[in-house]
Amino acid sequence: MNKVLADMHVPSAVRRWGARLGLAIVVAIAIGYLPAQMVKRDPMAAKLDDQLAKLHGNADALAAHNAALVHEIHALENEVEAIEDRARTELGMVYPEEIVVRIQHVEATPP
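Residues numbered from 1 in each chain as written. Predicted model: local features only at pLDDT ≥ 70, side-chain atom pairs only at ≥ 80, totals over all residues. Heavy atoms only, no water.

A look at the pattern of salt bridges
- The full count for this structure, using the stated rule, is four salt bridges.
- Ionic pairing is found between arginine 88 and glutamate 84, a salt bridge with its closest N-O pair at 3.3 Å. Taken together, the residues span about one helical turn, with arginine 88 and glutamate 84 both in helix α4 (residues 80-91) at a distance of four residues.
- Arginine 88 gets classed as partly exposed once you look at its relative accessible area, which sits at 30%.
- With relative accessibility at 31%, the residue glutamate 84 sits in the partly exposed group.
- A salt bridge links arginine 86 to glutamate 90, with the nearest nitrogen and oxygen atoms 3.4 Å apart. Of this pair, arginine 86 and glutamate 90 both sit in helix α4, separated by four residues, roughly a single helical turn.
- When salt bridges with common partners are traced through the structure, they connect Glu72, Arg86 and Glu90 into a single cluster. (Salt bridge = Lys/Arg side-chain N within 4 Å of Asp/Glu carboxyl O. Helix = DSSP H or I, 4+ residues; strand = E, 2+ residues; numbered from the N terminus. Buried < 20%, exposed > 50% of the residue type's maximum accessible area, 1.4 Å probe, protein only.)

Next up, the structure:
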């Protein structure tokens, strides 16, 4: 039995390095699973995230506006009704036999 105990002896350097490695693994796992709420976030990063979200919103709005303009250009190039509507609303043009009646809206003022 004495022989078996002597064969199972682990040098102290191996035990020390094994303990250090084990501790390093535990610390790495603890850091990896730390909740995001516990980590203090940089206020500048939050500010930049807000700016980025606003810019994405602006880019989406501009893309929608550009799509509407492309559709309008296509309509003005190919549809007579669109050209006529634009001439009537923006230039005030009418056909020779039409009668134009302009109505002014007067707001009522309380006495």
